[in-house]
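Secondary and tertiary structure notes
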Amino acid sequence: MRLTAGMLVLAAAMFVATAAVYVTSFTLAPNMWMRVAAVLLGAFAAAGMWLAVASSRPLARVRTVDIACSLLATLATFFLSRDLGVQPVVAASLVLITFGVAVQPLGLVDGRAARAGFAGVFVGLIGPSITVPWYWVALSGALAGVLWSRVGPSIMPGFGGRIGLVAFMSSVVAYGIADFLGGKGDVTLLPPTDGLPTWTVVPVGVAAALVTWTLYNRTSLHYLACIGIPALVVSSGIALAPNLGAQGAVLATAWLGGAALAGTTSARLPNAAWIFVAGLLYAGLMVRFTGPYQGHAGVIGVLALIGELGTFALRRALQRVAPWLPGQPRVA
């Protein structure tokens, strides 16, 4: 369809936010081989975004229920992890399961509003050592609800990582205002990866994508319940495991990001093999993630989206030279 000015503006903003994370975090890699790999993946991800934007739909209207769900999820995740001391991913999992039940079987909200809640969960993933005042987090959550209302069903539909991108963009705006007004605290959301063996994160991220994708496509559970239930089991087990410390927090975070990309539709990535590739790319990015945006909410979702887009573009490229591959491309 023909892209309107509003669609182009929001798509451009999503591209800039994704590119900002990627360029500052990966293309300045310490050696030539890593830089070459980063540039190649970046090119595929950019091509994937171009293809995805081309199949976008007209912008949806802003709904109060989307804003309310995002704000509620943000505050619930934030206060569970900060004030009650619940491990952040455990808190996020509990909120996700609650929203999954609210959709199905209770029918209190629809799927679009529940996904706005997922964006709010990403925003609220802040550890107890963070000093940013709660009202800036609330503002970010409300902005995430507004943005998801507009782009959720519309811009680049069918990619699960977009939810994290929406949370990231909202937090950039909210924390930017806080910084300008002198109210920004020590915002550090992703735990450090120092001392963590790189191979440990990779199977966790890949397993999260495959387990969640299988539940989502083989059961009647809602998407958020498919994410929340295994994430709760895994993050609770990690929290109870002795001597993991900061490494355990990284593993739990890696699981949640991998689970998010399982929301990619079959029109984008048609089977578990392609989900495996996307999960592998995401996990590799998670291991190497550094840079100025390490403290913003939703970054793990941005990494998942980059993995999805790169895999989507690779799939389309392979089908041009090998049309016999299963899962012919179609509009999501």
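Let us look at the structure shown here. Please read all numbers here as calculations on a predicted model, not as lab measurements.

Quick look at helix α1 (residues 5–26)
The first and last C-alpha atoms of α1 sit 31 Å apart over 22 residues, in line with the 32 Å expected at 1.5 Å per residue. What α1 keeps buried is the set Met7, Leu10, Ala11, Met14, Ala17, Thr18, Val21, Tyr22, Ser25 and Phe26. End-on, the buried residues of α1 take up no more than an arc of 125°, which puts them together on one face. In α1, the exposed residues that point more than 90 degrees away from the buried face are Ala5, Val9 and Val16. Considering only its buried residues, α1 is in contact with α2 (32–54), α6 (134–151), α7 (162–180), α11 (272–288) and α12 (299–321).

Quick word on helix α9 (residues 223–240)
The terminal C-alpha atoms of α9, which comprises 18 residues, lie 26 Å apart, in line with the 26 Å expected from a rise of 1.5 Å per residue. Listing the buried residues of α9 in full gives Tyr223, Leu224, Ala225, Cys226, Ile227, Gly228, Pro230, Ala231, Ser235 and Ile238.

Quick notes on unusual backbone geometry
Residue Pro105 follows Gln104 across a cis peptide bond; omega there is 20°. Following the sequence through the fold, Pro105 ends up in the loop between α4 (88–103) and α5 (111–124). Phi is positive for Met156, close to 55°, though the residue is something other than glycine.

A short note on the packing of aromatic side chains
The tally for this structure, following the rule as stated, stands at seven aromatic pairs. With a centroid separation of 6.1 Å and 80° between ring planes, the pair formed by Trp134 and Tyr135 is classed as edge-to-face. On the basis of relative accessible area, Tyr135 is assigned to the partly exposed category, the value being 44%. Ring centres of Tyr216 and Tyr223 lie 5.1 Å apart, and the angle between their planes is 50°; this geometry places the pair in the tilted category. Given the relative accessible area of 28%, Tyr216 is considered partly exposed. The positively charged end of Arg268 is found above the aromatic ring belonging to Phe312, 5.3 Å away from the centroid.

About the thresholds
- Residues numbered from 1 in each chain as written.
- Predicted model: local features only at pLDDT ≥ 70, side-chain atom pairs only at ≥ 80, totals over all residues.
- Heavy atoms only, no water.
- Helix = DSSP H or I, 4+ residues; strand = E, 2+ residues; numbered from the N terminus.
- Expected span 1.5 Å × (residues − 1).
- Buried < 20%, exposed > 50% of the residue type's maximum accessible area, 1.4 Å probe, protein only.
- Arc of directions from axis to C-beta.
- Contact = heavy atoms within 4.5 Å.
- Phe/Tyr/Trp six-rings, centres within 6.5 Å; stacked < 30°, edge-to-face > 60°.
- Lys NZ or Arg CZ within 6 Å of the ring centre and 35° of its normal.

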